[in-house]
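Each chain is listed here by its residues.
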Protein chains: 2
Amino acid sequence: MRIEWVAKRRGQSNVTQMYYARQGLLTEEMHYVAQRENLPVELIKDEVARGRMIIPANINHTNLEPMCIGIASKCKVNANIGASPNSSNIDEELEKVNLAVKYGADTVMDLSTGGGNLDEIRSAIINASPVPIGTVPVYQTLESVHGKVENLTADDFLHIIEKHAQQGVDYQTIHAGILIEHLPLVRNRLTGIVSRGGGILAKWMLHHHKQNPLYTHFDDIIEIFKKYDVSFSLGDSLRPGCTHDASDQAQLAELKTLGQLTRRAWEHDVQVMVEGPGHVPMDQIEFNVRKQMEECSEAPFYVLGPLVTDIAPGYDHITSAIGAALAGWYGTAMLCYVTPKEHLGLPDAEDVRNGLIAYKIAAHAADIARHRPGARDRDDQLSIARYNFDWNRQFELSLDPERAREYHDETLPADIYKTAEFCSMCGPKFCPMQTKVDADALTELEKFLAKEPAHKG
Amino acid sequence: MRIEWVAKRRGQSNVTQMYYARQGLLTEEMHYVAQRENLPVELIKDEVARGRMIIPANINHTNLEPMCIGIASKCKVNANIGASPNSSNIDEELEKVNLAVKYGADTVMDLSTGGGNLDEIRSAIINASPVPIGTVPVYQTLESVHGKVENLTADDFLHIIEKHAQQGVDYQTIHAGILIEHLPLVRNRLTGIVSRGGGILAKWMLHHHKQNPLYTHFDDIIEIFKKYDVSFSLGDSLRPGCTHDASDQAQLAELKTLGQLTRRAWEHDVQVMVEGPGHVPMDQIEFNVRKQMEECSEAPFYVLGPLVTDIAPGYDHITSAIGAALAGWYGTAMLCYVTPKEHLGLPDAEDVRNGLIAYKIAAHAADIARHRPGARDRDDQLSIARYNFDWNRQFELSLDPERAREYHDETLPADIYKTAEFCSMCGPKFCPMQTKVDADALTELEKFLAKEPAHKG
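The residue numbering used here restarts from 1 in each chain and proceeds along that chain's sequence as written. Following the order in which they are written, the chains are lettered starting with A and the ligands numbered starting with 1. Reporting of local features is limited, given that this is a predicted model, to residues whose pLDDT is at least 70; pairs of side-chain atoms are given and counted only at 80 or more, and all residues count toward the totals for whole chains, interfaces and linings. Hydrogens and waters are ignored; side-chain quantities use all the structure's heavy atoms.

Participant: Account for the packing of helix α7 (residues 137-144) of chain B against helix α8 (residues 154-167) of chain B, with residues named and values stated.
Facilitator: Residue and element names in this part refer to chain B. The geometry of α7 relative to α8 is characterised by a closest axis approach of 9 Å and an angle of 125° between their N-to-C directions. Accordingly, the angle class assigned to the pair α7 and α8 is oblique. Handedness of the crossing formed by α7 with α8: right-handed. Contacts from P137, V138, Q140, T141 and S144 in α7 reach D156, F157, I160, I161 and H164 in α8. Residue polarity follows a fixed list, in which Ala, Val, Leu, Ile, Met, Phe, Trp, Tyr, Cys and Pro are nonpolar, Asp, Glu, Lys and Arg are charged, and the others, Gly among them, are polar. In the contact of α7 with α8, the residues fall into five nonpolar, four polar and one charged. Lines fitted to the C-alpha atoms define the axes, with helices restricted to the stretch that makes contact. Angles between their N-to-C directions range from 0 to 180 degrees. Helix and strand definitions follow DSSP, with helices as H or I runs of at least four residues and strands as E runs of at least two, each counted in order from the N terminus. Note on angle classes: values under 35 degrees are labelled roughly parallel, values over 145 roughly antiparallel, values of 65 to 115 roughly perpendicular, and the remainder oblique. It is the rotation of the near helix from the far one that decides the hand of a crossing: anticlockwise by less than a right angle makes it left-handed, clockwise makes it right-handed. Residue contacts are counted whenever heavy atoms from the two residues lie within 4.5 Å of one another.

Participant: Any chance you could break down the packing of helix α5 (residues 90-102) of chain B against helix α6 (residues 118-128) of chain B for me, citing the residues and the numbers?
Facilitator: Residue and element names in this part refer to chain B. α6 packs onto α5 with a crossing angle of 30° between their chain directions and a minimal axis gap of 10 Å. In this structure, α5 crosses over α6, and the sense of that crossing is right-handed. Contact with α5, carried on its side by I90, E93, L94 and V97, involves E120, I121, A124, I125 and A128 of α6 and no other residues of that element. Of the residues assigned to the contact of α5 with α6, the class counts are seven nonpolar, no polar and two charged.

Participant: How would you summarise the interface of chain B and chain A if you had to cite specific residues and measurements?
Facilitator: Across the boundary between the two partners, chain B contributes 114 residues, which contact 114 residues of chain A. Buried area is a sum: the accessible area each of two parts loses on coming together, probed at 1.4 Å, counted once for each and added. Of the roughly 10100 Å² buried between chain B and chain A, counting both surfaces, carbon and sulfur atoms make up 68%. It is I311, Y315 and F430 of chain B in chain B that bury the most area against chain A; as a group they hold 8% of the surface buried on that side. Salt bridges are defined by distance alone: a side-chain nitrogen of Lys or Arg within 4 Å of a carboxyl oxygen of Asp or Glu. Summed over the shared surface of chain B and chain A, the result is six salt bridges. With its nearest N and O atoms 3.4 Å apart, the salt bridge here joins E143 of chain A to K429 of chain B. What qualifies as a polar contact is a pair of N or O atoms within 3.5 Å, subject to a donor-acceptor requirement within protein and to the restriction that residues adjacent in sequence count only when both atoms come from side chains. Between the two partners, chain B and chain A, sit 26 residue pairs in polar contact (both at pLDDT 80 or more). A breakdown of the residues in the side of chain B that touches chain A according to their chemical character gives 60 nonpolar, 30 polar and 24 charged.

Participant: Got a sec to walk through the pattern of salt bridges? Specific residues and values, please.
Facilitator: All names here are of chain A. Enumeration according to the criterion identifies 75 salt bridges over all chains in this entry. When the shortest N-O distance is used, the salt bridge between K291 and E294 registers 3.7 Å. In this pair, K291 and E294 are both assigned in helix α13 (residues 285-295), three residues apart and thus about one turn of the helix distant. For the exposure calls, accessible area comes from a 1.4 Å probe over protein chains only, and a residue counts as buried if that area is under 20% of its type's maximum, exposed if over 50%, partly exposed in between. Residue E294 is classed as exposed on the basis of its relative accessible area of 57%. Here K291 makes a salt bridge to E295, at a shortest N to O gap of 3.8 Å. With K291 and E295 both in helix α13 and four residues apart, the pair spans about one turn of that helix.

Participant: Give me the lowdown on the domain arrangement of chain A, citing residues and values where you can.
Facilitator: Residues and elements named next belong to chain A. Domains are outlined according to an automatic or database domain assignment. According to the domain assignment, chain A contains domain 1 (1-74), domain 2 (77-135) and domain 3 (136-269). On the side of domain 3, 15 residues touch domain 2, which itself brings 18 residues to the contact. Regarding the contact of domain 2 and domain 3, the summed buried area is about 1300 Å², with carbon and sulfur atoms giving 52% of it. Per-residue buried area on domain 2 facing domain 3 is highest for T113, R122 and T135; these three make up 38% of the total on that side. The tally of links from domain 2 across to domain 3 stands at zero salt bridges. Inspection of the region where domain 2 meets domain 3 yields twelve residue pairs in polar contact (both at pLDDT 80 or more). For the side of domain 2 that touches domain 3, the secondary-structure elements that each account for two or more residues are β4 (107-110), α6 (118-128) and β5 (133-135). Per-element tally for the side of domain 2 that touches domain 3: the top contributor is α6, with five residues. Looking at the side of domain 2 that touches domain 3 residue by residue, the classes come out as eight nonpolar, seven polar and three charged.

Participant: I'd like a rundown of the relation of the copies chain B and chain A, residues and numbers included.
Facilitator: With an axial shift of 0.0 Å and an RMSD of 0.0 Å, the rotation relating chain B to chain A amounts to 180°. Taken together, the rotation and translation relating the two chain copies correspond to the operation of a two-fold axis. For chain B, the minimum C-alpha distance to the rotation axis belongs to I322 of chain B and amounts to 2.4 Å. Looking at chain B, 100% of its interface residues are interface residues in chain A too, so the copies touch through the same face. Residues reaching a pLDDT of at least 70 in both copies supply the C-alpha atoms on which the copies are superposed by least squares.

Participant: Tell me what's going on with the sheet that holds strand β10 (residues 334-336) of chain A, and back it up with residues and numbers.
Facilitator: Residues and elements named next belong to chain A. The strand order β3-β4-β5-β6-β7-β8-β9-β10 describes a closed barrel built from eight strands, whose pairing is parallel. Looking at each pair of strands side by side, their axes are set apart by 25° on average, direction ignored. Here, strands pair whenever DSSP counts at least two bridges between them. Pairing geometry for strand β9 (residues 301-304) and β10, over three bridges, is parallel. Following the sheet pairing, L304 is matched in β10 by C336. Docked against the sheet, helix α11 (residues 218-228) engages β6 (171-174) and β7 (231-234), running at close to 140° with respect to β7.

Participant: Talk me through the nonpolar core; I want residue IDs and the actual numbers.
Facilitator: For the purposes of this section, nonpolar cores are sets of buried Ala, Val, Leu, Ile, Met, Phe, Trp, Tyr and Cys residues that join through side-chain atoms within 4.5 Å. M282, L335 and L356 of chain A together with M282, L335 and L356 of chain B are the most contacted members of the largest nonpolar core, which totals 105 residues. When sequence neighbours within four positions are dropped, the list of residues in contact with L356 of chain B reads V77, A79, A100, Y103, G104, A105 and Y337 of chain B.

Participant: Go over the packing of aromatic side chains, please, and point to the residues and values.
Facilitator: Two aromatic rings are characterised by how far apart their centres lie and by the angle between their planes. For Phe, Tyr and Trp, where Trp contributes only its six-membered ring, two rings pair if their centres lie within 6.5 Å, and the inter-plane angle classes them as stacked under 30 degrees, edge-to-face over 60, or tilted in between. Throughout the structure, instances matching the rule amount to 18 aromatic pairs over all chains. Considering the side-chain rings of Y19 of chain A and Y20 of chain A, the 5.6 Å spacing of their centres and the 70° angle between planes classify their relative orientation as edge-to-face. Aromatic rings pair up to connect F218, F225 and F232 of chain A into one cluster. Criterion for a charge above a ring: Lys NZ or Arg CZ within 6 Å of the ring centre, and within 35 degrees of the ring normal. Note that R264 of chain A overlies the ring of Y215 of chain A, its terminal NZ or CZ placed 5.8 Å from the centroid. One residue, K341 of chain A, lies across the ring of Y407 of chain B, its end atom 5.1 Å from the ring centre.

Participant: Tell me about the sheet that holds strand β4 (residues 107-110) of chain B, and please be specific about residues and values.
Facilitator: Residue and element names in this part refer to chain B. Pairing is parallel in the closed barrel, where eight strands are placed in the order β3-β4-β5-β6-β7-β8-β9-β10. Neighbour to neighbour, the strand axes of the sheet diverge by 25° on average, direction disregarded. α6 rests against β3 (76-81), β4 and β5 (133-135) of the sheet, and its axis sits at about 155° to β5.

Participant: Mind laying out unusual backbone geometry, listing which residues take part and the relevant values?
Facilitator: Residue and element names in this part refer to chain A. Cis geometry is adopted by the peptide bond preceding G278, which originates at P277 and carries an omega value of -5°. Turning to its location among the elements, G278 is positioned in the loop between β8 (272-276) and α13. Each neighbour pair has its own omega, and for G305 with P306 the value is 0°, a cis peptide bond. Positionally, P306 belongs in the loop between β9 and α14 (316-330). Phi at D229 is positive, roughly 60°, even though this residue is not glycine. Counting through the fold element by element, D229 comes out in the loop between α11 and β7.

Participant: Could you give an account of α6 of chain A, with specific residues and numbers?
Facilitator: Residues separated by three or four positions in an α-helix point in the same direction, a consequence of the helix having 3.6 residues per turn. Turning to α6 of chain A, its buried residues number three or more, namely L118, I121, R122, A124, I125 and I126 of chain A. Put simply, N117 of chain A is the residue that caps the front of α6 of chain A, since its side-chain oxygen is 3.0 Å from the backbone nitrogen of D119 of chain A.

Participant: Got a sec to walk through the state of the cysteines? Specific residues and values, please.
Facilitator: The criterion for a disulfide is a pair of cysteine sulfur atoms lying within 2.5 Å. One pass over the structure, following the stated rule, counts zero disulfides over all chains. The structure places no disulfide on C242 of chain B, whose sulfur is separated from the nearest cysteine sulfur, that of C431 of chain A, by 14 Å.

Participant: Summarise the side chain of S195 of chain A; cite the residues concerned and give the values.
Facilitator: Relative to the helices and strands, S195 of chain A resides in the loop between β6 and α9 (196-208). For S195 of chain A, a relative accessible area of 2% translates into the label buried. Among the polar contacts made by the side chain of S195 of chain A, one reaches the main-chain amide nitrogen of G198 of chain A at a distance of 2.8 Å. With residues up to four places along the chain from it excluded, the contact list for S195 of chain A reads H175, D236, S237 and R239 of chain A together with P432 of chain B.

Participant: Can you explain the pairing of strand β3 (residues 76-81) of chain A? Please cite residues and give values.
Facilitator: Residues and elements named next belong to chain A. Within β3, six of the six residues are buried, which leaves it mostly tucked inside the rest of the structure. Residues K76, N78 and N80 point to one face of β3 and V77, A79 and I81 to the other, with burial holding for every one of them. Across three bridges, the pairing between β3 and β10 is parallel. Directly across from N78, in β10, lies its bridge partner C336. Bridge analysis of β3 against β4 gives four bridges, and the strand direction is parallel. Residue pairing in the sheet places A79 in a bridge with V108 of β4.

Given below as structure tokens:
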């Protein structure tokens, strides 16, 4: 679809959606997004120009179906996939992409750290994906120096970043916000630095006593991103790894730097979103969202969870969906999913499914709470189907129709039960949905009550 | 344990904890509860006297380990069990009680509607349960008139209510708040009346054009409850059955009546908690909690969920855990769990487990957000174990140790991996918890930074 759209842009020195928006131009991507979101295209353009919305759309990702991330549009969900050194191959990764898209992932991050030719896997994923692909180039950069952190140079980073950009990656996590002067601030943390990429840069800075090369070479990255329209996803290397460490000085110091970097990228019309925590008690989530808006001039916020308690490994899709729903309600633009295997192991297909549905729930609940026009329509339709015992329609409208049907059919598989006025939960005599209050009976009652003022409400 | 405690109270005309509290007496139950909650016993007494806390403890439930429900104490979780006409027997129900207690249920409601001798099942459950047992007597009352709603009389209700009280039920859901004049208010709802008990009373009132017999005979119920110390759990028959119907006139009209009934019970020193919704968008939950406090003079609030969206059957333990966490944070005293089978079928053991853990998460997250003293201690201990790669300790501290271990061992079962500095999620080279920032290295860095003012934070 985008082949023709991008053909005419090739060779221009800046091909970002933000650049066009600021020129007052409406791109095909903006039109497409406006239709998907049921929003005026002028609003999309204005939000992109303002930096409050991004359309992550690398000109080399031509099979992309453009989408947007920003407070003006529906809350989005990201799913992480990726091969690890011990497992996975291209076919498995492509299967995960399909699975993620099937269950509603709005973007997919390829976090591969090994398990084959990383470039090849990434290329296959991009070619197979209708949704934006994000990457974290620092992993491959480290691989390129055989895991020796101290050997990393700025050129190593820039080389891999440009490679990803050329391949069509739509957004990249860039850990440019963690500065050498932030490191002493983690001293009193329970879990130190828990960003994989951030940890690598911290080690580098501790070894060399030099400033973060991604920070010192940020302008070089901007130049690369301009050419392909890669969006920054500014990494929060100092995000808290447990509720104890939430909202601490280290996290907030980095956030301030992320705000400065946001505005620096915007000077070059490069799109930016900002990553956020992590592990945060419920009562600190609103503060975190507002603070990010303030420090980062309302660039879209993209949070991981956050988990609202640390005591439920095996159920962290739930501990974090609670935090994610709140974050979305307060205005977070995209939620990065967490699977039940978080902290415990590599997620399998069923984990991806459970993680994604938990996050679709969180994002949708946030849209309802924010009163986005039409957000509750599907809920209402499902409720009507439920009240009318139209089981098949109820399943269809579910976030995971197969699961809903499977659970129902576990006890009542026969076709006849698809119109039955009960399920096995309460049985045929006690289904509360059977309490149909007849309109005529109500009218009659109202007449009666009118004559009996003692009963008047 | 309680046999001696209650022996001396027998024959007194009022044996409620509230009665004793208002006399300034400290019961054994209050002492026990104070110890469990790590709160001063005087506070427990004052809260019970004030009606802001209940200790549901029927004098005939002698093997009970007393607990309390109220805003001053930790947020509690209830699990529903119960035989249905098509399934279950005593052994199965007792197994469910054990399961519920194992996964942390603070109270258990027996919602049996059939499947054997209801009295026998209930008695067995009470005798097996260290946690308070709640019931909904209207189900058995309806059974006693062979399902013919119109044949129900006030005496039928009172007979069953007293039967349950005699057996040792600690709290009973009494649907006294739904009044005949409320019924016309449900006309514009999508899902009408979705309380099983409330629906029965609505049908009765529509048929007879008479006031709710549980309302007109509320004082008779009070007299029964005084004798055994049964707590009211005032049912919210008009709770919304979908997000569309949330916080509507019908719900709020009934809530006002529930407040009046609360104060009526308090006049006789009978303990009360008030049931709440149901299905509520996130942005209306705080309103619902505050409104209940206002209308019901701060009697403990006991909510079912609420579900924050209707589109995820099969995952309603998650849609509702989000709402429950918020409700708990805003001050709800007890959360009634919802299982993944909600709206679809009868939960099995695995569903009970998943529902309960989701709710333990919600209640705990609420305790953290409310800054209850020590609420985060377990989180911090687990985070430290995680950071130190002490996998066994991490599992031990988990809400569901078996599940955490199972997930971890799925890919790395060997014993040696229980001290490995990674799991299969990120593999041996990329575990973020490996980024240990050495204290000496930090001190060295600080000295360096002190000499290089350009890097000063």
